[in-house]
Amino acid sequence: MLFSKAFATCCCFSSLVPDITRLCKFPVMVATGGQAQDQSQNQEPDVLNPTSAVTGLPQKRYYRQRAHSNPIADHSFDYPARPEDVDWRSMYPSIQQGQQVSFADVGCGYGGFLVTLGEMFPEKLSIGMEIRVKVSDYVVDRIAALRRRSADTGAYQNIACLRTNAMKYLPNYFSKGQLEKMFFLYPDPHFKRAKHKWRIINQALLSEYAYVLRKGGLVYTMTDVEDLHKWIVTHMEEHPLYERLTEEEANADPITPKLYQSSEEGAKVVRNKGDHFLAIFRRL
């Protein structure tokens, strides 16, 4: 009787083995003929590869990070004491003697517009500045992949990404009157009134932007939030060192059409049939 029960139990377990081995993610040891066989011993573990096998570019799903970041918080950043201390050659291997960064994309996100700048202005150096660590890592990896893919032409040597807090350290990277253009595309609106002080456009910061911009330099702003657009226009028109371009001047700028959907955020607004609010200002 004991033998019969043991035999029946063994038979029941054997009938369940196929289901167990199919459903279980871990190796299952199955006794067959007195020998244990590891059903997964010949299976190699899946390795997560952040680079697409098709395009050779990094995949954003491995670099996702929440959209909002507190720019007032004490993030851990290494930053230079003065612009002369910046090692630009580590970011631009082909930089020429005396050459400086001309364009700054502040809050560059995943780098779509930054790449467009590099393609439109191959003789100019453009920098993307991003506070979120995973997002900036993605842009750095994206630029590296584009450079490898374009090794025969030397393209994309003129763009780079820097993880930093532009609201705090902008003058540490750029000297007075250095920049020709600054871009603030789809910045965080910080809807709550208590967080308006976190907005990238305010009176104090506009003075810093004016310091690093050359006379005649341009500030490009684009958002899909009308309230934020009105905030930007009001603050910049109140500042004595800026004047807004007319609609005709803005439309004549070759960069203007690229502002709408070159960035990932802009493309999302287009897909969702959202509104775009553009304002361009000249440094006086």
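Scroll up a little and you will see the structure.
Thresholds, definitions, all that
Residues numbered from 1 in each chain as written. Predicted model: local features only at pLDDT ≥ 70, side-chain atom pairs only at ≥ 80, totals over all residues. Heavy atoms only, no water. Helix = DSSP H or I, 4+ residues; strand = E, 2+ residues; numbered from the N terminus. Buried < 20%, exposed > 50% of the residue type's maximum accessible area, 1.4 Å probe, protein only. Contact = heavy atoms within 4.5 Å. Areas by Shrake-Rupley, 256 points an atom, 1.4 Å probe, with all protein chains shown as cover. Axes fitted to C-alpha atoms, helices over the stretch in contact; angles between N-to-C directions. Left-handed = near helix turned anticlockwise from the far one by under 90°. Pairing = 2+ DSSP bridges. Phe/Tyr/Trp six-rings, centres within 6.5 Å; stacked < 30°, edge-to-face > 60°. Lys NZ or Arg CZ within 6 Å of the ring centre and 35° of its normal. Salt bridge = Lys/Arg side-chain N within 4 Å of Asp/Glu carboxyl O. Polar contact = N/O pair within 3.5 Å; in protein donor to acceptor, adjacent residues only side chain to side chain.

Within the protein, the secondary structure is distributed over eight helices and nine strands. Relative to its 284 residues, the protein shows a buried fraction of 44%. The long-range share in the protein, meaning contacts at least 24 apart out of those at least 6 apart in sequence, stands at 76%. Approximately 16,600 Å² of the protein is accessible, and the part contributed by carbon and sulfur atoms is 53%.

Packed helices, taken two at a time, are described by their axes: the angle between them and the distance between them. Helix α3 (residues 133-149) packs onto helix α2 (residues 112-120) with a crossing angle of 35° between their chain directions and a minimal axis gap of 11 Å. Our pair here, α2 against α3, has a crossing hand that is right-handed. On α3, the residues that touch Gly112, Leu114 and Val115 of α2 are Val139, Arg142, Ile143 and Leu146.

The sheet built from seven strands is open, its strands ordered β5-β4-β3-β6-β7-β9-β8 with mixed pairing. The strands lining the two open edges of the sheet, one partner per strand, are β5 (159-163) and β8 (242-244). The average angle at which neighbouring strand axes cross in this sheet is 20°, direction not considered. Each of β3 (101-106), β4 (125-130), β5 and β6 (179-185) is contacted by helix α4 (residues 166-173), which is oriented at about 150° to β4, the strand it contacts most. Contacting β7 (213-223), β8 and β9 (277-283), helix α6 (residues 226-238) crosses the sheet at an angle of about 15° to β9.

Moving on, we come to α2. Within α2, seven of the nine residues are buried, leaving the element largely enclosed by the surrounding structure. For α2, the secondary structure elements touched by its buried residues are β3, β4, α3, β5, β6 and α8 (264-271).

The next subject is the packing of aromatic side chains. Here the structure, examined in full by the defined rule, presents ten aromatic pairs. Ring geometry for phenylalanine 77 versus tyrosine 169: centroids 6.1 Å apart, planes at 70°, classification edge-to-face. Here phenylalanine 77 is found in the loop between β2 (35-38) and β3, whereas its partner tyrosine 169 is found in helix α4, with 92 residues between them in sequence. Under the relative-accessibility criterion, phenylalanine 77 is labelled buried at 13%. The cationic tip of arginine 199 hangs over the ring face of tryptophan 231; the distance from NZ or CZ to the ring centre is 4.8 Å.

Before going further, it helps to examine the pattern of salt bridges. Once the charged atoms of two side chains with opposite charge are near each other, the side chains can pair. The final tally for this structure, using the stated rule, is ten salt bridges. Put simply, aspartate 227 and arginine 199 hold a salt bridge, and the shortest N to O gap is 3.3 Å. On the criterion of sequence distance, the pair formed by aspartate 227 in helix α6 and arginine 199 in the loop between β6 and α5 (203-212) is long-range, its members being 28 residues apart. With relative accessibility at 46%, the residue aspartate 227 sits in the partly exposed group. For lysine 268, the salt bridge identified is with glutamate 265, shortest N-O distance 3.6 Å. Pair noted here: lysine 268 and glutamate 265 are both in helix α8, with a separation of three residues, about one helical turn. With a relative accessible area of 36%, lysine 268 lands in the partly exposed category. Several salt bridges converge on common partners, so that one network encompasses Lys124, Glu180 and Arg214.

Of all eight residues in α4, six are buried, a share of seventy percent or more. The set of residues buried in α4 consists of Ala166, Met167, Tyr169, Leu170, Asn172 and Tyr173. Contacts from the buried residues of α4 go to β3, β4, β5, β6 and α5. Between the side-chain oxygen of the N-cap and the backbone nitrogen of methionine 167 there are 3.0 Å, and the N-cap of α4 in question is asparagine 165.

This part takes up the side chain of histidine 235. Mapped onto the secondary structure, histidine 235 falls in helix α6. Not counting residues within four places of it along the chain, the set of residues in contact with histidine 235 comprises Ile201, Asn202, Gln203 and Leu206.

This next bit is on the pairing of β6. Extensive coverage of β6 is indicated by the burial of seven of its seven residues. Pairing analysis gives three bridges linking β3 to β6, with the strands arranged parallel. Looking at β6, one finds that alanine 104 is bridged to methionine 182. Examined bridge by bridge, β6 and β7 share six bridges and lie parallel to one another. Its bridge partner lying in β7, leucine 185 is registered against methionine 222.

Within the fold, glutamine 178 resides in the loop between α4 and β6. For glutamine 178, a relative accessible area of 5% corresponds to the buried category. Within the structure, the side chain of glutamine 178 is placed 3.0 Å from the backbone nitrogen of serine 175, a separation counted as a polar contact. Residues contacting glutamine 178, with those up to four places away along its chain left out, are Gln100, Val101, Tyr173, Val212 and Arg214.

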